[in-house]
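Next come the chains, spelled out residue by residue.
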Amino acid sequence: ALGIPEYFELKILNDKNILKFNNSLMYTEKGINIDNEKTLYFLNNLFRIISDWKEKYIINNTLDSSSWSLVIEYESGKKEEYLGNSCPNNFSAFEDLIKEIIKSTGVI
């Protein structure tokens, strides 16, 4: 079963969109070309999911937790960053969206 990757990057360039990720099943060093339709679908859903996220989800004094981060960097240099060792309520929708776009490439 495909789990959420440890690393995921979607780079949107003028002439192509490149997806890179790694997990226990696969590592994509060069990246996979993603068409504009899949990219727009991903972005529309991503921004809907994170629309009410806070920047940080931190629980202090916890020993057993995983950390995560999401960085969106725009061509202008502006960045939006979200991180935590706990998650927003709809984090599973974010994980499912990442799994969906990876599966749509047909590489896994």
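For the structure given in this document, a descriptive report is provided here. (Residues numbered from 1 in each chain as written. Predicted model: local features only at pLDDT ≥ 70, side-chain atom pairs only at ≥ 80, totals over all residues. Heavy atoms only, no water.)

Describing the pattern of salt bridges
Where side chains of opposite charge bring their charged atoms close, a pairing between them can arise. The test is simple: A carboxyl oxygen of Asp or Glu within 4 Å of a side-chain nitrogen of Lys or Arg is what we treat as a salt bridge.
Under the counting rule described, the total for this entry stands at two salt bridges. Where Glu9 meets Lys11, a salt bridge forms, and the shortest distance between an N and an O atom there is 3.6 Å. Of the charged contacts, one joins Glu80 and Lys78 as a salt bridge, the two residues approaching to 3.8 Å between their closest N and O atoms.

Observations concerning the sheet that holds strand β6 (residues 79-84)
Where we set the bar: Only when DSSP finds a minimum of two bridges between them are two strands counted as paired. Each helix is a run of H or I in the DSSP string that is no shorter than four residues. Each strand is a run of E no shorter than two, and both are numbered from the N terminus.
Taking strand neighbours across the sheet as the criterion, the three strands line up as β4-β6-β5 in an open arrangement whose pairing is mixed. Of all the strands in the sheet, just β4 (56-57) and β5 (68-73) have a single pairing partner and so form its edges. Of the strand pairs in this sheet, β5 and β6 are connected by six bridges, and their pairing is antiparallel. Within β6, the position partnered with Val71 by the bridge is Glu81.

Observations regarding the packing of aromatic side chains
Here is the rule we go by: For Phe, Tyr and Trp, rings pair up if their centres lie within 6.5 Å, where Trp contributes its six-membered ring, and each pair is then called stacked (planes under 30 degrees apart), edge-to-face (over 60) or tilted (otherwise). Residue exposure (1.4 Å probe, protein chains only): buried if accessible area is under 20% of the type maximum, exposed if over 50%, otherwise partly exposed.
Tallied over the entire structure, the rule returns eight aromatic pairs. With a centroid separation of 5.5 Å and an interplanar angle of 75 degrees, the aromatic rings of Trp53 and Phe94 are classed as edge-to-face. Of this pair, Trp53 sits in the loop between α1 (36-49) and β4 while Phe94 sits in helix α2 (residues 91-104); the two residues are 41 residues apart in sequence, bridging distant segments of the chain. You can call Trp53 buried: its relative accessible area is 8%. Each ring, one from Phe91 and one from Phe94, has its centre 5.3 Å from the other, and the planes form 55 degrees; the classification is tilted. In this pair, Phe91 and Phe94 are both assigned in helix α2, three residues apart and thus about one turn of the helix distant. As far as the burial class goes, Phe91 and Phe94 line up, both buried. A connected cluster of aromatic rings, assembled from ring pairs, spans Trp53, Tyr57, Trp68, Tyr82, Phe91 and Phe94.

Some words on the sheet that holds strand β3 (residues 32-34)
The following threshold applies: Here an axis means a line fitted to C-alpha atoms, over the contact stretch when the element is a helix, while the angle between two N-to-C directions is reported on a 0 to 180 degree scale. By definition in these notes, contact holds between two residues if any of their heavy atoms fall within 4.5 Å.
Strand order in the open sheet formed by three strands is β1-β2-β3, and the pairing between neighbours is antiparallel. In this open sheet, the two strands that pair with only one neighbour each are β1 (7-12) and β3. Taken over all neighbouring pairs, the strand axes of this sheet differ in orientation by 25 degrees on average, direction set aside. Across three bridges, strand β2 (residues 17-22) lies against β3 in antiparallel orientation. Considered in β3, the bridge of Ile18 is made with Asn33. Contacts from α1 reach β1, β2 and β3 within the one sheet, and its direction differs from that of β1 by about 120 degrees.

Just geometry here; none of it tells us what the structure is for.
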